[in-house]
Amino acid sequence: ERRGGMGMWVGRIGSHGRLRPENDTARRADLIEGLSDIVDKYDGFLLDQFGVIHDGVAPMQHALSTLHELLARGKKIMILSNSSRRANPTLHRLRQLGFPVEDFMGAMTAGEHAYRSIHTQRLKMKLGSNCLWLGRQNANAEAAYSSYLDGVSLNFVASADEAEFILLQGTDNIGNGSERVQTLSYDYEASGEVKNELHDLLTLAARCRLPMHCLNPDRVAVKPNGMLHFMQGSLAAHYQRYLDAELGNDGKDLISLYGKPTKEAFAHCLAEFKKSGIPSERVVMIGDSLEHDIMGAANGGIDSVLVAATGIHKFSVMTTSYTVYAWSAAIVSVL
């Protein structure tokens, strides 16, 4: 644990994950200095990844010692992440970073959630096979994401007019897996702007009424250098505006988001804890996102800890005079 002082800051979390006025029975959160303040209240710990236990390159300060202490106390740990990777590649990456994943109960990711849904829809013939894959271009991408093909017969195409759905896994390339992969002419993650070939793609996709499966609903994430960058969820939000402009209400249900804050993602994890004899009231979610971790825990009916000293809210949290309020007994932490 890292101990340190921090003033209370604000917010109320509504049923849609937005901050809202102080006008209902939402309970005020407790400010804690570390997990030792609450460790005896819980037996199951659901952990987010980025901004909580690591920054994408190395473990966060004191994360490893804290996890080892939880395990030594007999606590059960499971990863619940909005990573677009599936569960096994996620655990492999954590192992490379030095985390004791052999002692974890497992992982549920947005990518795993999406794979299971797409696999089921393909088996039931509710989803076509022609897929426009928006993906990554780094050297590890093929190894990390090739498991999306396991048991799913997909034909990867290069353009929206050939596709039956969009698989939004990254924002570097258009048409991954096809014979005509196009790399974006600019860095979307840095700007969050839709222009050039990405504008053309979303315009045509909306006209074609293409469903989009977004494998990571996060809108922003923290880079190892501490700066925020734009994620797949932000591009899905842009696509929704294109759909609204083209189709109106007919475009409201064409985007599928996976992982947190859906009830399904939390229900899977709670079922795993139940197998170990841990009821939901003894499980706590630890994350850095109000929209996904804290609101998701509320959707799942469990308590939560907001890590305020790191992660996506570290700038806004530290510089406002707000006080955090909780929709379901959330707890503010400065791990």
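Here the structure is shown first, and the text comes after it.
Source: prediction; values computed, not measured.

A.B. asks: I keep staring at the environment of Leu 247 and nothing clicks. Help me out?
C.D. replies: In this fold, Leu 247 is placed in helix 7 (residues 232-247). Of the residues examined, Leu 247 reaches a relative accessible area of 12% and is grouped as buried. Separated by 41 residues in sequence, Leu 247 and Ala 206 have C-alpha atoms that sit 7.6 Å apart. Ignoring sequence-local partners within four residues, the contact set of Leu 247 consists of Ala 206, Arg 209 and Leu 254.

A.B. asks: In this structure, what is going on with empty space enclosed by the protein? I would like to understand it.
C.D. replies: With a probe scaled to a water molecule rolled over the atoms, the places where space remains empty come into view. As enumerated under the stated definition, the model contains 1 cavity of 30 Å³ or more in all. If you trace the largest cavity, you find it lined by Tyr 115, Ile 118, Tyr 148, Val 152, Leu 154 and Leu 167. For the lining of the largest cavity, the per-class residue count stands at 6 nonpolar, no polar and no charged.

A.B. asks: Is there a simple way to think about the packing of helix 8 (residues 263-275) against helix 9 (residues 290-300) in this case?
C.D. replies: Axis angle and axis distance: for two packed helices, these are the angle between their axes and the distance between the axes, and together they describe the pair. The interhelical angle for the contact between helix 8 and helix 9, taken along N-to-C directions, is 70 degrees, at an axis separation of 9 Å. Taken as axis vectors, helix 8 and helix 9 run roughly perpendicular relative to one another. Both helix 8 and helix 9 take part in a crossing whose hand is right-handed. In contact with Lys 263, Phe 266 and Leu 270 of helix 8, helix 9 contributes His 292, Asp 293, Gly 296, Ala 297, Asn 299 and Gly 300. Grouping the constituent residues of the contact of helix 8 with helix 9 by class yields 3 nonpolar, 4 polar and 2 charged.

A.B. asks: Please clarify how the environment of Asn 88 should be interpreted in this entry.
C.D. replies: Within the fold, Asn 88 resides in helix 2 (residues 87-96). Here Asn 88 falls in the exposed class, since its relative accessible area comes to 61%. Separated by 20 residues in the primary sequence, Asn 88 and Met 108 have C-alpha atoms spaced 9.3 Å apart.

A.B. asks: Is there a simple way to think about the side chain of Asn 216 in this case?
C.D. replies: With respect to the helices and strands, Asn 216 occurs in the loop between strand 12 (212-214) and strand 13 (220-222). With relative accessibility at 4%, the residue Asn 216 sits in the buried group. Among the polar contacts listed, one links the side chain of Asn 216 to the backbone oxygen of Asn 82, at a separation of 2.8 Å. Within the structure, the side chain of Asn 216 is placed 2.8 Å from the backbone nitrogen of Asp 218, a separation counted as a polar contact. If we ignore the near neighbours within four places in the chain, the residues touching Asn 216 are Asn 82, Ser 83, Ser 84, Ala 110, Leu 168, Met 231, Gln 232 and Gly 233.

A.B. asks: When you look at the packing of helix 6 (residues 196-207) against helix 7 in this model, what are you seeing that I'm missing?
C.D. replies: Two numbers describe how helix 6 lies on helix 7: the axes approach to 9 Å, and their chain directions differ by 50 degrees. What the angle tells us is that helix 6 and helix 7 run oblique. Of the two possible hands of crossing, helix 6 and helix 7 adopt the one that is right-handed. Along its contact with helix 6, which presents Leu 198, His 199, Leu 202, Thr 203, Ala 205, Ala 206 and Arg 207, the element helix 7 presents Leu 235, His 238, Tyr 239, Tyr 242, Leu 243, Glu 246 and Leu 247. Within the contact of helix 6 with helix 7, the residues separate by chemical class into 9 nonpolar, 3 polar and 2 charged.

A.B. asks: Sorry, what's going on with the pairing of strand 4 (residues 44-47) here?
C.D. replies: Looking along a regular strand, one sees side chains alternate from face to face of the sheet. Of the two faces of strand 4, the one lined by Gly 44 and Leu 46 and the one lined by Phe 45 and Leu 47 are each fully buried. Sheet analysis places strand 4 next to strand 5 (residues 76-81), joined by 4 bridges and oriented parallel. Counterpart to Leu 46 in the pairing with strand 5 is Met 78. Considered for its hand, the β-α-β crossover made up of strand 4, helix 1 (residues 63-72) and strand 5 is right-handed.

A.B. asks: I'm lost on unusual backbone geometry in this one. Help?
C.D. replies: When glycine is set aside, most residues are seen to have a negative phi, and most peptide bonds are trans. A cis geometry characterises the amide bond from Lys 260 onward to Pro 261, with omega recorded as 15 degrees. Among the secondary structure elements, Pro 261 is positioned in the loop between strand 15 (255-257) and helix 8. The residue Met 125 is not glycine, and still its phi comes out positive at about 60 degrees. In this structure, Met 125 sits in the loop between helix 3 (110-123) and strand 7 (130-135).

A.B. asks: I'm lost on the pattern of salt bridges in this one. Help?
C.D. replies: Between side chains of opposite charge, a pair can form when the charged atoms approach closely. The final tally for this structure, using the stated rule, is 14 salt bridges. Asp 43 is the salt-bridge partner of Lys 75, the closest N and O atoms lying 3.6 Å from each other. A residue pair is termed long-range when its members are at least 10 positions apart, and Lys 75 in the loop between helix 1 and strand 5 and Asp 43 in the loop between strand 3 (31-32) and strand 4 qualify at 32 residues. The salt bridge partner of Glu 162 is Arg 180, with a shortest N-O separation of 3.3 Å. On the criterion of sequence distance, the pair formed by Glu 162 in the loop between strand 8 (155-157) and strand 9 (165-168) and Arg 180 in the loop between strand 10 (173-174) and strand 11 (182-183) is long-range, its members being 18 residues apart. The exposure class of Glu 162 is partly exposed, given its relative accessible area of 34%. With relative accessibility at 51%, the residue Arg 180 sits in the exposed group. Through salt bridges with shared partners, a single network forms among Arg 86, Glu 112, Arg 116 and Asp 150.

Rules used throughout
- The written sequence of each chain sets the order in which its residues are numbered from 1.
- Restriction of local features to residues with pLDDT of at least 70 applies here, the model being predicted, together with a cutoff of 80 or more for giving and counting side-chain atom pairs; totals for whole chains, interfaces and linings are based on all residues.
- Hydrogen atoms and water are omitted, and side-chain values are computed over all heavy atoms in the structure.
- Counting from the N terminus, the helices are the DSSP runs of H or I reaching at least four residues and the strands are the DSSP runs of E reaching at least two.
- Summary of the burial criterion: residues with accessible area below 20% of their type's maximum are buried, those above 50% are exposed, and those between are partly exposed, where the area comes from a 1.4 Å probe applied to protein chains only.
- Throughout, a residue-residue contact means that at least one pair of heavy atoms, one from each residue, lies within 4.5 Å.
- Residues are called lining when one of their atoms sits within 4 Å of a cavity or pocket point, these points coming from a 1 Å grid over the protein atoms alone, where a cavity is a set in which a 1.4 Å probe fits but cannot get out and a pocket is an open set with protein on both sides within 12 Å along at least five of seven lines.
- Grid points are joined across faces, edges and corners, and a volume is the space filled by probe spheres set on the points.
- Gly is put with the polar residues, along with every residue not named as nonpolar or charged; the nonpolar set is Ala, Val, Leu, Ile, Met, Phe, Trp, Tyr, Cys and Pro, and the charged set is Asp, Glu, Lys and Arg.
- Axis geometry follows a simple rule: fit a line to the C-alpha atoms, using only the stretch in contact for helices, then measure angles between N-to-C directions, giving values from 0 to 180 degrees.
- Angular relationships are summarised with four words: roughly parallel below 35 degrees, roughly antiparallel beyond 145, roughly perpendicular across 65 to 115, and oblique for the angles in between.
- Should the near helix be turned counterclockwise from the far one by less than a right angle, the crossing is left-handed, whereas a clockwise turn marks it as right-handed.
- Polar contact is defined as a pair of N or O atoms within 3.5 Å, subject to the rule that within protein one atom must be able to donate a hydrogen and the other to accept it, and that residues adjacent in sequence are counted only when both atoms are side-chain atoms.
- Pairs of strands are assigned from DSSP output, requiring at least two bridges between the strands.
- Think of it like this: strands point away, you trace from the first strand over the helix to the second, and a clockwise trace means the crossover is right-handed.
- A side-chain nitrogen of Lys or Arg and a carboxyl oxygen of Asp or Glu constitute a salt bridge if their distance falls within 4 Å.

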